[in-house]
Amino acid sequence: MTASASKPLTGKTALVTGSTSGIGLGIATALAQAGANLVLNGFGDTQAALAQIEAIGVKAAYHPADMTKPADIEAMIAFAAERFGAVDVLVNNAGIQHVATIDTFPVESWDAIIAINLSSAFHTMRVALPAMRERGWGRVINIASVHGLVGSAGKSAYVAAKHGILGLTKVAALENARTGVTVNAICPGFVLTPLVQKQIDDLAARESLSPDAARAKLLGEKQPSAQFVTPQQIGDMAVFLCSDAASEMRGSALQIDGGWSAQ
Ligand code: NAD
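Residues numbered from 1 in each chain as written. Predicted model: local features only at pLDDT ≥ 70, side-chain atom pairs only at ≥ 80, totals over all residues. Heavy atoms only, no water.

Visitor: Provide a residue-level description of the site of the ligand, including the pertinent values.
Guide: Near the ligand lie 30 residues; those nearest to it are Ser21, Asn93, Tyr158, Val191 and Thr193. Between the ligand and phenylalanine 43, the relevant distance is 2.8 Å, taken from an oxygen atom to a main-chain nitrogen or oxygen of the residue. Computed on the free molecule, the ligand has an accessible area of 820 Å², of which 93% lies beneath the protein chains in the complex. Taken together, the elements giving at least two residues each to the shell around the ligand come down to helix 1 (22-33), helix 5 (156-175) and helix 6 (194-207). The dominant element in the shell around the ligand, judged by the number of residues it contributes, is helix 6, at 3 residues. Among the residues forming the shell around the ligand, the class breakdown is 16 nonpolar, 12 polar and 2 charged. (Near = heavy atom within 4 Å. Polar contact = N/O pair within 3.5 Å; in protein donor to acceptor, adjacent residues only side chain to side chain. Areas by Shrake-Rupley, 256 points an atom, 1.4 Å probe, with all protein chains shown as cover. Helix = DSSP H or I, 4+ residues; strand = E, 2+ residues; numbered from the N terminus. Nonpolar A, V, L, I, M, F, W, Y, C, P; charged D, E, K, R; others polar.)

Visitor: How would you sum up unusual backbone geometry? Please name residues and give values.
Guide: Backbone geometry places serine 208, a non-glycine residue, at a positive phi of 50°. Mapped onto the fold, serine 208 is located in the loop between helix 6 and helix 7 (211-222).

Visitor: I'd love a proper account of the environment of methionine 237, names of residues and values included.
Guide: Along the polypeptide, methionine 237 turns up in helix 8 (residues 231-241). The buried category is assigned to methionine 237, whose relative accessible area is 19%. Spatially, the C-alpha atoms of methionine 237 and isoleucine 141 are 9.9 Å apart, while their sequence positions differ by 96 residues. In this structure methionine 237 touches Ile186, Leu254, Gln255 and Ile256, once residues within four positions along its chain are discounted. (Buried < 20%, exposed > 50% of the residue type's maximum accessible area, 1.4 Å probe, protein only. Contact = heavy atoms within 4.5 Å.)

Visitor: Describe the domain arrangement of the chain, with residues and values.
Guide: For the chain, the domain assignment lists domain 1 (13-189 + 230-251) and domain 2 (191-228). For domain 1 and domain 2, the distance between their C-alpha centroids amounts to 25 Å. Taking both partners together, domain 1 and domain 2 bury about 740 Å²; carbon and sulfur atoms supply 61% of that area. By the criterion of area lost to domain 2, the three top residues of domain 1 are Gln97, Gly189 and Thr230, representing 39% of everything that side buries. Here domain 1 and domain 2 share 0 salt bridges between them. Counting across the interface, domain 1 meets domain 2 through 3 residue pairs in polar contact (both at pLDDT 80 or more). Of all elements in the fold, only helix 1 and helix 8 reach the threshold of two or more residues within the side of domain 1 that touches domain 2. (Domains from an automatic or database assignment. Buried area = accessible area lost by both parts, 1.4 Å probe. Salt bridge = Lys/Arg side-chain N within 4 Å of Asp/Glu carboxyl O.)

Right, here's the structure in full:
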């Protein structure tokens, strides 16, 4: 099938890490609606995620790679190439959070956050970029965060990883600047996903708040719009980054954060 205006990614294959839930599933859905075949990854209800993408009418497959394991990541990229011929769009989205002050931060949580939220993007890119260059076209989209631009107390590993992935994005963009491969990052503010729901639940328990009050407090402290960003909005931004209009965006960090980083 050839690409049409409404399905510009027809014939392309996208791999989204951590796409069984939240933002990753939103991005996978938007890319599938734009016509791309999908390789999904992540834990939890993998069958439901696969069914959701297949219902859009594209081909989808799932790979169980653990983003803390470079060998798994290599196997996942090889699986995508075998199954669909190539990875044209790579979205590094898998991520976890842990909130604690530096002096009480569990060492294993630091290591896991750096591995999943930062190092996994190095490993996917080091394996996927050569084939994108050979094919003369590719899109890498790194899901950073507003925490790639500013800090928040209690989020040392997350903030370090997200600042790191913005640096990695710039270097990868520069190394491919004379090719058809672009590398950019998206920096969302709060999105109501399981990762943020846990922070709301913790706040409610800590301060004896109702779920609604905890949600409003978490948003109100940081996000001037007082609205959550949606996975759909981030998915649409990813589709835009795959378009010709974005072909000279190289190494950019796009905020979508309800005004958080404007303060
Ligand atoms: P989520 O918990 O809903 O989803 C995380 C995904 O990553 C899941 O599919 C999970 O299975 C997968 N995952 C976790 N550990 C993994 C591992 N070791 N290997 C493979 N997959 C793994 O979280 P989310 O909020 O959708 O977060 C997705 C990304 O968006 C993360 O990088 C996060 O830092 C970023 N982000 C989230 C927000 C937010 O407010 N929710 C804001 C800014 C950035």
